Amino acid sequence: MTKKRKGNNDMGLKSEQIINDILDSYTANDVTVRIDAENIVNKKIIIEVIEELRKIIYPGFFDTNRVRSDYIEYLIGERVEFIQYHLRKQIARVMGSEDMCEGCPKSNFTGKAEEIVYQFLEKIPQIREYLYTDVQAAYDGDPAAYSTDEIIFSYPGIYAITVYRIAHELVLLDVPLIPRIMTEYVHGLTGIDINPGATIGKYFCIDHGTGIVIGETTTIGDHVKIYQGVTLGALSTRRGQLLKGEKRHPTIGNNVTIYSGTSVLGGDTVIGDGVTIGGNAFIVNSIPAGMKVNVKNPELQYSRDTRGEFVQDGFWDWVI
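What you are looking at is a predicted structure, and each value in this text was computed from that prediction instead of being measured.

Definitions and limits used
- Numbering of residues begins from 1 in every chain and follows the order in which that chain's sequence is written.
- Reporting of local features is limited, given that this is a predicted model, to residues whose pLDDT is at least 70; pairs of side-chain atoms are given and counted only at 80 or more, and all residues count toward the totals for whole chains, interfaces and linings.
- Side-chain numbers come from the whole structure's heavy atoms, not from hydrogens or water.
- Two rings belonging to Phe, Tyr or Trp (six-membered ring only in the last case) form a pair when the distance between their centres is within 6.5 Å. Interplanar angles under 30 degrees mark stacking, angles over 60 mark edge-to-face geometry, and anything in between is tilted.
- Segments assigned H or I by DSSP are reported as helices when at least four residues long, segments assigned E as strands when at least two residues long, and all are numbered from the N terminus.
- Any residue under 20% of the maximum accessible area for its type is buried, any over 50% is exposed, and the rest in between are partly exposed; the area is computed with a 1.4 Å probe on protein chains only.
- For two strands to pair, DSSP has to find at least two bridges joining them.

> In this structure, what is going on with the packing of aromatic side chains? I would like to understand it.
The geometry of an aromatic ring pair is captured by the separation of the ring centres together with the interplanar angle, meaning the angle of the planes. Applying the stated criterion across every chain, the model contains six aromatic pairs. Look at F62 and F153: their rings are 5.9 Å apart centre to centre, the planes differ by 80°, and that puts the pair in the edge-to-face class. Of this pair, F62 sits in the loop between α2 (43-57) and α3 (72-96) while F153 sits in helix α6 (residues 148-154), and the two are 91 residues apart along the sequence. Ring centres 4.8 Å apart and planes at 20° place the aromatic pair Y227 and Y259 in the stacked group.

> Honestly, unusual backbone geometry in this entry has me stumped. Any pointers?
Residues apart from glycine generally show negative phi values, whereas peptide bonds are mostly found in trans. A positive phi is found at N255, a non-glycine position, where the angle reads about 55°. Within the secondary structure layout, N255 lies in the loop between β8 (251-252) and β9 (257-258). Here N255 falls in the partly exposed class, since its relative accessible area comes to 48%. Here N280, not a glycine, exhibits a phi torsion of approximately 65°, which is positive. Structurally, the position occupied by N280 is in the loop between β12 (276-277) and β13 (282-283).

> Where do I start with the sheet that holds strand β5 (residues 219-220) in this structure?
What holds strands together in a sheet is hydrogen bonding between their backbones, with the strands either parallel or antiparallel. The parallel open sheet is built from four strands, whose spatial order is β2-β5-β8-β11. Two strands lie at the open edges of the sheet, namely β2 (199-200) and β11 (270-271), each paired on one side alone. Where β5 meets β8, two bridges bridge the pair, whose relative direction is parallel. Bridge pairing links I220 to I252 in β8.

Below, the structure written as structure tokens:
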């Protein structure tokens with residue numbers, strides 16, 4: 001008979017203790033656990049639905065093969081069928097989940113989800129119309145863009161706006177959870193964070209895009225352009241869940257440009273039509289229509305160091 005090594009026994013006991021500690025943590029921290037419960041949603045399927053929708057919205061751009069007019073009807077039909085089946089199933093899951101509908105009687109949400117999906121699919125022509133204006137705005141406003149194809153294929157701003165416009169229609173149809181999964185997925189890829197609850201008009205242009213944040217109750221008019229690092233956020237979230245449903249984020253009028261690094265905060269903050277806000281501004285009060293707002297230019301001082309070389313010292317005196 002082979003004797004078990006003491007070291008192996010010790011390792012086994014340590015492993016058992018680790019497993020027991022992990023299991024105990026499941027009880028102690030139950031919010032982060034879903035054991036013996038139906039899966040709320042399949043994130044992988046949601047991402048596949050996004051990509052199928054992009055192929056419908058931009059036919060021929062993201063297909064592996066050439067899309068021909070003589071079978072486009074069949075192709076769109078196939079994709080619509082895919083979306084109908086999978087999106088309906090995911091919506092039914094989230095609507096029937098106890099997490100989303102506490103105290104609701106157990107019932108079949110498939111019929112309701114199916115109706116929601118039909119209503120959503122009917123909005124695709126409108127989504128395409130809005131995205132056409134967004135692509136055109138990006139092209140018209142960017143001298144570095146050599147074609148609208150370049151924008152559709154490669155601009156992260158257009159990708160983020162596309163997914164936002166899809167997710168926003170689902171928000172309007174009272175679909176929980178799924179719209180946020182969609183926009184946070186594209187947030188992770190682009191660095192652009194647009195809450196699907198925000199309301200955004202036509203000809204919306206995101207230039208560069210990294211670090212942009214647009215909060216849930218933000219309202220943005222037509223022909224608005226924002227640059228990287230812009231935050232349209234809440235002035236304070238200390239009250240947490242008590243603020244749910246309140247207007248916390250700013251209203252941006254038509255024909256507004258907001259340059260990089262600027263924060264516009266607060267539900268009572270209204271930026272009027274035709275306003276231009278320069279970079280690195282911090283705005284917490286409303287601005288009347290037609291105004292230009294700039295941070296005072298930094299003053300630069302030059303002096304020589306002990307080695308006889310020029311040294312540039314800067315100090316910032318920022319005034320809005």
